[in-house]
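Breakdown of the fold
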Amino acid sequence: MVDDHVKRKVLLLGDGAVGKTSMIRRFVVDKFSDDYITTIGTKVTKKDLRLESPSGATDLTFMIWDVLGQKGYKGIQDSSFQGAKGALLIYDVSRPETAESLQDYWIPHLLDITDAIPIVVVGNKVDLVASRRAAQEDLDELKDALEVKGFLSSAKTGENLEAGFLALAKSVISDSGGKRARGIAVDGVTNEYITVADAIIMDFCDVMGGQEAAMPIVRQQITRAGVDVKAPTREGLRLAVDCLAEAESAFRNADDVEASKLKRLGWIKEVS
Ligand code: G3D
Ligand code: MG
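Residues numbered from 1 in each chain as written. Chains lettered and ligands numbered in written order. Predicted model: local features only at pLDDT ≥ 70, side-chain atom pairs only at ≥ 80, totals over all residues. Heavy atoms only, no water.

**Focus: the pattern of salt bridges**
What counts is decided by this rule: Within this document, salt bridges are pairs made up of a side-chain nitrogen of Lys or Arg and a carboxyl oxygen of Asp or Glu, the two lying within 4 Å of each other. Under the scheme used here, helices are H or I runs from DSSP no shorter than 4 residues and strands are E runs no shorter than 2 residues, and both carry numbers assigned from the N terminus. We call a residue buried when its accessible area falls under 20% of the maximum for its residue type, exposed when it is over 50%, and partly exposed in between, using a 1.4 Å probe and counting protein chains only.
Under the criterion given, the structure shown has 13 salt bridges. Put simply, arginine 133 and glutamate 137 hold a salt bridge, and the shortest N to O gap is 3.6 Å. Taken as a pair, arginine 133 and glutamate 137 lie in helix α4 (residues 132-146) at a separation of 4 residues, close to a single helical turn. With relative accessibility at 65%, the residue arginine 133 sits in the exposed group. Glutamate 137 sits in the partly exposed class, given a relative accessible area of 43%. When the shortest N-O distance is used, the salt bridge between aspartate 242 and lysine 261 registers 3.3 Å. Of the two residues, aspartate 242 sits in helix α9 (residues 234-248) while lysine 261 sits in helix α10 (residues 254-270), which places them 19 residues apart along the sequence. Of the residues examined, aspartate 242 reaches a relative accessible area of 34% and is grouped as partly exposed. By relative accessible area, lysine 261 is classed as partly exposed at 22%. When salt bridges that share partners are traced, they join Asp203, Glu248, Arg252, Lys263 and Arg264 into one network.

Printed below as a string of structure tokens:
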């Protein structure tokens, strides 16, 4: 009956400890896969939403990318921004510097990579503030400055979590109907396998105890697999997963290596 089902990648961005992961845990029931996918750079969670309007219902699936808030991971962040159709920008109402950081770091950084995608601002941890009115005024200022919608939320009480995601869903839906030449061009160069490659590489870095130690091996094995990092393919990534597993087998037990390999192959399969 409803045949306008759409699947969209959206980002959760903001400094460390503002509550991004808590918001997902609280809001999302459905998960991306059996495991909550964890990498150094990104966690991806699936959430189905239904938007009701007088003209009918629209079903929408959000692939929510919980991007590591740690500054200095720009490479991973850049990569995780690819193909995003919307972003929830989160700050912590009890730490004003996290709101500044949206304007100074996250938004410019995001718009370097993506087109002008829909953005919704969320001031989280409203349960902690003494003056809700002051928090609302700060939020209103930010909304005006950025010309976006915004909400005060609490991942602790659950307040307004759905409101933020639904507002983003509405913007994302109406945005996808718009005609923006640049948006189309960006879509054309987006390769979903890049984001999978990023996840695999970061997973490997995690296993190997950090990028510094792991990246030389990654480069070696990615080259050996013949993967062009600008345009990875399904076959290339499968080969790269094999090569990385082989490299890992010198450092880890066989069961762990196999488990990692299957997990990574699963990510490749998720690309449709
Ligand atoms: P991040 O994913 O943005 O880095 P987290 O943030 O979700 O890991 O949350 C960081 C800390 O803030 C966690 O505390 C979490 O429980 C807390 N937190 C998240 N959202 C809220 C909220 O709305 N209200 C309150 N009071 N606390 C919140 P811990 O102590 O577990 O590290
Ligand atoms: Mg987190």
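And the narrative resumes.
**What about the packing of aromatic side chains?**
Threshold: The criterion for an aromatic pair is that two Phe, Tyr or Trp rings (for Trp, the six-membered ring) have centres within 6.5 Å, with stacked assigned to planes under 30 degrees apart, edge-to-face to planes over 60 apart and tilted to the rest.
For the structure on display, the rule yields 2 aromatic pairs. Seen from their ring centres, phenylalanine 27 and phenylalanine 165 are 4.1 Å apart, and the 5 degrees between their planes marks the pair as stacked. Here phenylalanine 165 lies in helix α5 (residues 161-176) and phenylalanine 27 lies in helix α1 (residues 20-27), a separation of 138 residues in the sequence. Each of the two residues, phenylalanine 27 as well as phenylalanine 165, counts as buried. When the ring of tyrosine 105 is compared with that of tryptophan 106, the centres are 4.9 Å apart and the planes differ by 85 degrees; the resulting orientation is edge-to-face.

**Things to note about the site of ligand 1**
Note the threshold: Residues are labelled near a given molecule or strand when at least one of their non-hydrogen atoms is within 4 Å of it. In protein, a polar contact means a hydrogen-donor-capable atom and an acceptor-capable atom, both N or O and within 3.5 Å, with residues adjacent in sequence counting only if both atoms are side-chain atoms; elsewhere, any N or O pair within 3.5 Å suffices. Any residue that is not Ala, Val, Leu, Ile, Met, Phe, Trp, Tyr, Cys, Pro, Asp, Glu, Lys or Arg is counted as polar, Gly included; the first ten are nonpolar and the last four charged.
Near ligand 1 there are 15 residues, and of these Ala17, Lys20, Ser22, Asp127 and Ala155 occur at the shortest range. A distance of 2.7 Å separates a nitrogen atom of ligand 1 from a polar atom in the side chain of aspartate 127. Broken down by element, the shell around ligand 1 gets its largest block of residues, 3 residues, from α1. When its residues are assigned to classes, the shell around ligand 1 shows 4 nonpolar, 6 polar and 5 charged.

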